Every structure is written in C-alpha cells, then in structure tokens.
Amino acid sequence: MQTSFFIEPTEGSAVSGFPSGAFRDRLLKQDVVMHLRAWVVSRLRANALRAFAVATSLPFSFTSLATPPPEIDVSLPLGLSRVTLPDSSQRLDLLVRHDGIRRPVLVIVPGSACMPAFMLIERANGSGYVSSALPPGEEDLARMGVHLAILERRNIRSFEHVYSEEESSSLPSLKRHECTDEYGGVSLPQRKMDVLRQVEYLRAQQWVGPILLVGISEGSDVAAAVAAEPSPGIQSLLLVAGAGMSQFFDTIHQSRQEGDNNGVQAAFVNLEAFISGDPPDSYQGLPAVRWTSFAIERTNLDSLMASDVPIFVVHGENDESVPIASVDSLVVDLMRKQVKRSIYYLVVKRAGHNLHEALSDPAHTIYPRYVAWTLGDHPGRTYQLLDPAYK
C-alpha cells in the first residue's frame, strides 16, 4: 500500500492519486482563479447571503438572470433537464445534464435542508436564483468530462415557487421548507430509499458510466448508506462537510470545547434516552425519528465500514457543525480497519461548515480534484491540508 501525506504541494511535486501532466499541475496550483462563475453577487444583499449561508450551513451560490422570469416555467441552469421518476408513491425528480455519450456521472445528494436544488428569487431590481446543491460550473463540467445529476428530495421541485426578496433572507426557516415524511423525508431509511431509486434510474440509462456519488453535509450519511447496499453500482464516494463518525459525538465534543459541562451531561442523558427507547419527541429542533435513524440505529462510520469503495473526504478545519475531530476519528478507523481501502482526506484551513468562508468557489476547488483522483489509479491513502491563502 502507498501512503502519502503532504501540505500544499508545490509546482512539479509528485502527488499520490493524481494524473501526471498539465491537468494535474493546474489542479494543484493554489493561484487558480477563484470565481463565482461570473455571477453578480453584489446584487443580493450581503446580510441576506450571510443569513442564508449560516442558517443552512451549506455552500450557496446566487446568479442573476438576464431578464426577470415572466412566469414560473423558466429554464433550469447549467443546461439541466428535469426527470420525474414514474410509478412512485412519492414524487422524485432528478436534474440531469448529459450529451447522450456514456461518461462518468457526478451524482449529488443534497444536505439536510428541505429546499429545492435551485430556487428562483424575485427582487425589485431583477431576478436570479440560489442553489443549495453545490453544483459545479459549466467550464469545470466540460473540462472534467463528466455528466451531472442532482437528486432532488422527495416531493421537492426546483423553480416551482418564486421567492420574494423578504423570503430569500430566511429560506431555511420558511414554513414551506419544513421537513416531513411527505416533503423531503426525515429519516435515513426514507432518504436512502429515495436515492437508491434515483440511482437505479440512472444505472438504466445508456449514457451513464461510472457513478461518482457526492454527499453534501447530511447527504454524506445518505451517500454512505447507499454505497453500503449490496449492488448500488457506486464507483467512489465524495463526502463534503459531513463525514463525522457519530452525530452524538459531534454534539458532545462541541459542548466540551465550549466549556459547557451541562451541555455535555445533557447530551449523554439524551443519548441514553434514545438508546433505551424512550427519546424526547424532538432533540435540537429535529424529530426523534431523525436522530434515531441517523445517530442510533446507524452512523456514518457503520455505513462506511460496510463498503470498500474509494472515498474522498473534504472538510473544513473550523467546521462548527461537524467538528474536525469527528472526521479525523472516522478516517483513522477506516485506515486501521480497512487497510486496502483508497482514502483521500482533504482538510481546508480556516473553513467552517460553509466552505465559502475560506473558498470563494468550493465546487471549483473540490470537484476537479475528486474526479481526477477517482478516475485515476487512486492508490493508498493521501492527506492534504489545503490553505486557500497559500500561493
């Protein structure tokens, strides 16, 4: 087995798991142009953007439209087309982009927020949209040579509703975005079942090659659970800001770091209540069934130990939702117990759960690295500390 640990590769350095040549050199230079895909971000108020990013704890993007949409039937961005699965008790949409030629497919599983992948925003001085799915840009998609599929959550549809400027400042807290069994799904089994059906559809398409499954935040738990199934056909996993080993560990660790001994004690008391089968109706604002399925009956580590697909982990050094210690522990256990598994662990300095705090364009930084690694030989284990300030 080959193991590689390095900090900030310089031009010309050998890097485990990356192809040689100009493409590799381009990926590893830290002075790549970090852009917002030429979007006019200044048109959205800074406080609205900040509120959205903090509340969702997800990377976000905003793009202005050339003209305000006269009606709700507006084209999806990135050349995406909507596919609605037939014969389903729950509406399940996929947003796909492909050219009909068989290629690898980047498949994105969204995080915990029960929001559409793309949301139209109507403002006095123009219209635009916000994305909660961390989609790659068109140039990167063309350069990587992959198709794209973004998996909507059950009964959620992008561009179905036009949000007002007032709504746009508090998207996650809107009543229409409350997760239920019918809207978005609540439990891990619900979310896993939905993604398995969406992946099953993809695998039946002639244009679908290797499936590169991406989990964003809570979507990491779902992606890991899907990959643990007997034959989901997943070539590799990318877990972004969600590869913690246990959500109760995350809660206890954070309370301890803050010196909140009462919080630590309360977390252990609640953990015992869940384990004994007498949990509170809700915990930290989420229903008991959500915690039972994601943190008691099964954890991220449990799911990952049940598969051996290559795994690429990206995490912020200062993540306030999933502490880096939780991810370190998970990676250590995987390395120790699965000695032949290929693992790439990329830590972003000064980044929180919302990677935009350190990276102006997280998708541009992450996806080309992941695709190059997963379609290459990806030998051994690699650890990289990425400092966006490094030149």
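Above this text is the structure in question.
Just so it is clear, the structure is predicted and the values come from calculations on it, not from any experiment.

Cut-off values and rules
- Residues numbered from 1 in each chain as written.
- Predicted model: local features only at pLDDT ≥ 70, side-chain atom pairs only at ≥ 80, totals over all residues.
- Heavy atoms only, no water.
- Salt bridge = Lys/Arg side-chain N within 4 Å of Asp/Glu carboxyl O.
- Helix = DSSP H or I, 4+ residues; strand = E, 2+ residues; numbered from the N terminus.
- 1 Å grid on protein atoms, 1.4 Å probe; cavity = no way out; pocket = protein on both sides within 12 Å on 5 of 7 lines; lining within 4 Å.
- Points joined across faces, edges and corners; volume = space filled by probe spheres on them.
- Nonpolar A, V, L, I, M, F, W, Y, C, P; charged D, E, K, R; others polar.
- Buried < 20%, exposed > 50% of the residue type's maximum accessible area, 1.4 Å probe, protein only.
- Pairing = 2+ DSSP bridges.
- Disulfide = S-S within 2.5 Å.
- Axes fitted to C-alpha atoms, helices over the stretch in contact; angles between N-to-C directions.
- Left-handed = near helix turned anticlockwise from the far one by under 90°.
- Contact = heavy atoms within 4.5 Å.
- Core = buried A, V, L, I, M, F, W, Y, C linked by side-chain atoms within 4.5 Å.

**So, the pattern of salt bridges**
Okay, so step 1: Taken as a whole, this structure holds 14 salt bridges when the rule is applied.
Okay, so step 2: Among the ionic pairs, Arg143 bridges to Asp140, the shortest N-O distance being 3.1 Å. One end of the pair, Arg143, and the other, Asp140, are both in helix α3 (residues 138–144), three residues apart, so they sit about a helical turn from each other.
Okay, so step 3: Residues Glu317 and Lys349 are paired through a salt bridge, measuring 3.6 Å at the closest nitrogen-oxygen approach. Separated by 32 residues along the polypeptide, Glu317 in the loop between β14 (311–316) and α11 (324–337) and Lys349 in the loop between β15 (343–348) and α12 (362–374) bring together distant segments of the chain.
Okay, so step 4: Residues joined by salt bridges that share partners form a network here, namely Arg82, Arg91 and Asp93.

**Details of empty space enclosed by the protein**
Okay, so step 1: What the rule picks out here adds up to six cavities of 30 Å³ or more.
Okay, so step 2: In this structure, the second largest cavity spans a volume of roughly 60 Å³.
Okay, so step 3: Taken together, Val109, Pro110, Leu151, Glu152, Arg153, Arg154, Gly184, Arg191, Asp194, Val195 and Gln198 make up the lining of the second largest cavity.
Okay, so step 4: When residues in the lining of the second largest cavity are grouped by element, the largest group, four residues, is from helix α5 (residues 188–203).
Okay, so step 5: The residue makeup of the lining of the second largest cavity, split by class, is four nonpolar, two polar and five charged.

**Considerations on the pairing of strand β5 (residues 103–109)**
Okay, so step 1: The buried count for β5 comes to six of seven residues, which makes it a mostly enclosed element.
Okay, so step 2: As paired strands, β5 and strand β10 (residues 208–216) are joined by six bridges and run parallel to one another. Bridge pairing in β10 links Val109 to Gly215.
Okay, so step 3: By the bridge criterion, four bridges tie β5 to strand β8 (residues 147–151) in an arrangement that is parallel. Its bridge partner lying in β8, Val107 is registered against Ala149.

**Some remarks on the state of the cysteines**
Okay, so step 1: The full count for this structure, using the stated rule, is one disulfide.
Okay, so step 2: Paired by a disulfide, Cys114 and Cys179 hold their sulfur atoms 2.0 Å apart. As the torsion about the S-S bond is roughly 115°, the Cys114-Cys179 disulfide counts as right-handed. In this pair, Cys114 is assigned in the loop between β5 and β6 (118–123) and Cys179 in the loop between α4 (165–168) and α5, connecting sequence segments 65 residues apart.

**With respect to the pairing of strand β4 (residues 93–97)**
Okay, so step 1: Most of β4 sits out of view: four of its five residues are buried.
Okay, so step 2: Judged from the four bridges that link them, strand β3 (residues 81–84) and β4 form a sheet pairing that is antiparallel. Note on β4: the bridge partner recorded for Arg82 is Leu95.

**Describing the packing of α5 against helix α6 (residues 218–227)**
Okay, so step 1: Between α5 and α6, whose axes approach to 9 Å, the crossing angle comes to 65°. The interaxial crossing formed by α5 with α6 has right-handed handedness. Two secondary-structure elements touch here, α5 through Leu188, Arg191, Lys192, Val195 and Leu196 and α6 through Glu218, Gly219, Asp221, Val222, Ala225 and Val226.
Okay, so step 2: Considering only residue class, the contact of α5 with α6 consists of six nonpolar, one polar and four charged.

**Some points on the environment of His364**
Okay, so step 1: Here His364 shows up in helix α12.
Okay, so step 2: Spatially, the C-alpha atoms of His364 and Pro136 are 6.5 Å apart, while their sequence positions differ by 228 residues.

**A look at the nonpolar core**
Okay, so step 1: Formed by 44 residues in total, the largest nonpolar core has its most connected members in Val107, Leu202, Leu213, Leu237, Leu304 and Ile311.
Okay, so step 2: A per-element tally of this core places α6 first, with six residues.
Okay, so step 3: Those residues in contact with Leu237 that sit more than four places away from it in its chain are Leu213, Ala223, Ala224, Ala227, Leu304, Val309, Pro310, Ile311, Phe312, Arg341 and Tyr370.
Okay, so step 4: Leu78, Leu80, Val214 and Ala363 belong to the second largest nonpolar core, which has 39 residues in total.

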